[in-house]
Amino acid sequence: MMRMDKVILTGVLAFAAGLAAAPAQAEMLTFHVALDGKFGKEPTGSPATGTAKVKVDTERKLVSVDMKVEGLTDADLWDRLVAAPIGPIHFHRLPKEGADAELALPLPYGPNYHFTKTGMTVTVKDYDYTAGAALLKSTLSFDDFVAAMRGGEVVLNIHTDKFNPGEISGKVMEGPAGGKGKA
């Protein structure tokens with residue numbers, strides 16, 4: 001009987017050790033953003049609009065963005081940020097009471113930006129959060145960024161020559177546009 005108890009105990013301990021060693025379940029999270037000139041403390045009234053689908057790979061700490069914008073072209077983007085490594089489009093964590101918004105992740109200007117006569121698309125695939133956040137010297141960890149996005153505390157905005165703080169912006173919301181949930 002004692003041998004059987006030892007076998008069972010050994011099996012239970014091995015199972016528990018396997019659970020403890022197993023990595024956290026990775027997720028592919030989906031978010032959406034509706035951008036306009038009406039959002040935020042200081043709405044711009046811009047007629048430009050945009051939508052973005054954001055996917056976050058929590059295991060590899062990668063962010064992908066598919067954005068479509070109407071009413072803003074390359075000539076509108078803030079020249080100073082177009083020339084900078086960070087580019088004119090950023091994710092920001094909304095400020096706590098009395099604080100400034102915290103820069104979180106840029107979408108650097110370059111070959112991921114495509115322009116039409118009336119707008120643009122920006123497509124960024126598998127962007128390393130840590131490398132991107134380093135461009136802004138952001139102290140927001142990946143886990144804090146994801147938690148802030150899930151908590152509705154992150155905005156995406158586009159900085160232009162006309163409106164340096166951001167001409168259009170929108171709150172990042174969890175789930176695909178028109179629905180809720182994970183992808």
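Predicted, not measured: the structure shown is a model, and the values here were computed from it.

Chemist: Where do I start with the overall build of the protein chain in this structure?
Modeler: Scanning the protein chain for helices and strands turns up four helices and 10 strands. Along the chain direction, N to C, the helices and strands of the protein chain fall in the order α-β-β-β-α-β-β-β-β-α-α-β-β-β. Counting all 183 residues of the protein chain, 38% fall into the buried class. Put simply, of all contacts in the protein chain between residues at least 6 apart along the chain, 63% involve residues at least 24 apart. Per element, the accessible surface of the protein chain, about 10,600 Å² overall, is 58% carbon and sulfur.

Chemist: Help me understand the environment of Ala84, please; the structure alone is not making it clear to me.
Modeler: Within the fold, Ala84 resides in the loop between helix H2 (79-83) and strand S4 (89-93). The class of Ala84 is partly exposed, set by a relative accessible area of 23%. As for Ala84 and Tyr109, which are separated by 25 residues in sequence, their C-alpha atoms are 8.2 Å apart.

Chemist: In this structure, what is going on with the packing of aromatic side chains? I would like to understand it.
Modeler: Describing an aromatic ring pair means giving the distance of the ring centres and the angle of the ring planes. Taken as a whole and judged by the stated rule, the model has six aromatic pairs. Ring geometry for Tyr113 against Phe115: centres 6.5 Å apart, planes inclined by 35 degrees, an arrangement best described as tilted. Phe115 gets classed as partly exposed once you look at its relative accessible area, which sits at 28%. Here a set of aromatic residues connected by ring pairs shows up, and it is made of Phe91, Tyr129, Phe142 and Phe145.

Chemist: I tried to follow the side chain of Thr73 on my own but got confused; where do I start?
Modeler: Inspection of the secondary structure assignment puts Thr73 in the loop between strand S3 (62-70) and H2. When residues no more than four places from it in sequence are discounted, the contact partners of Thr73 are Phe115, Thr116, Lys117, Thr118 and Gly119.

Chemist: Help me understand unusual backbone geometry, please; the structure alone is not making it clear to me.
Modeler: Backbone phi values are negative for most residues with the exception of glycine, while trans is the configuration of most peptide bonds. We note that Lys61 has phi near 60 degrees; this positive angle belongs to a residue other than glycine. The topology assignment puts Lys61 in the loop between strand S2 (49-57) and S3. At Asp126, a position not held by glycine, the phi torsion is positive, near 50 degrees. Relative to the elements of secondary structure, Asp126 occurs in strand S7 (residues 119-128). Overall, the relative accessible area of 45% leaves Asp126 in the partly exposed class.

Chemist: Whenever I open this one, the nonpolar core confuses me. Can you help?
Modeler: A general feature of soluble globular proteins is that nonpolar side chains tend to end up buried together. Core analysis: the biggest nonpolar cluster contains 37 residues, and Met67, Phe91, Leu107, Phe145 and Ile158 have the highest contact counts within it. Ranked by residues supplied to this core, first place goes to helix H4 (residues 142-150) with five residues. With residues near it in sequence (within four places) discarded, Met67 still touches Thr51, Ala52, Ile89, Leu107, Met120, Thr121, Val122, Leu156 and Ile158.

Chemist: Just to check I follow, could you spell out the pairing of S7 for this structure?
Modeler: Look at any regular strand and the pattern is simple: side chains alternate between the two faces of the sheet. Here eight bridges tie S3 to S7, and the two strands are oriented antiparallel to one another. If you follow Val69 over to S7, its bridge partner there is Met120. Across three bridges, the pairing between strand S6 (residues 113-115) and S7 is antiparallel. Across the sheet, residue Tyr113 finds its bridge partner in S7, namely Val122. Linking two consecutive strands that pair antiparallel, namely S6 and S7, is a turn of three residues.

Chemist: Explain the pattern of salt bridges here, please?
Modeler: Side chains that differ in charge, positive against negative, can pair when their charged atoms come close. What the rule picks out here adds up to six salt bridges. Between Arg93 and Glu102 there is a salt bridge, with its nearest N and O atoms 2.8 Å apart. Through salt bridges that share partners, Glu27, Arg150 and Glu174 make up one connected network.

Calculation notes
- Residues numbered from 1 in each chain as written.
- Predicted model: local features only at pLDDT ≥ 70, side-chain atom pairs only at ≥ 80, totals over all residues.
- Heavy atoms only, no water.
- Helix = DSSP H or I, 4+ residues; strand = E, 2+ residues; numbered from the N terminus.
- Buried < 20%, exposed > 50% of the residue type's maximum accessible area, 1.4 Å probe, protein only.
- Contact = heavy atoms within 4.5 Å.
- Areas by Shrake-Rupley, 256 points an atom, 1.4 Å probe, with all protein chains shown as cover.
- Phe/Tyr/Trp six-rings, centres within 6.5 Å; stacked < 30°, edge-to-face > 60°.
- Core = buried A, V, L, I, M, F, W, Y, C linked by side-chain atoms within 4.5 Å.
- Pairing = 2+ DSSP bridges.
- Salt bridge = Lys/Arg side-chain N within 4 Å of Asp/Glu carboxyl O.

Such coordinate-based values are descriptive only and should not be taken to indicate function.
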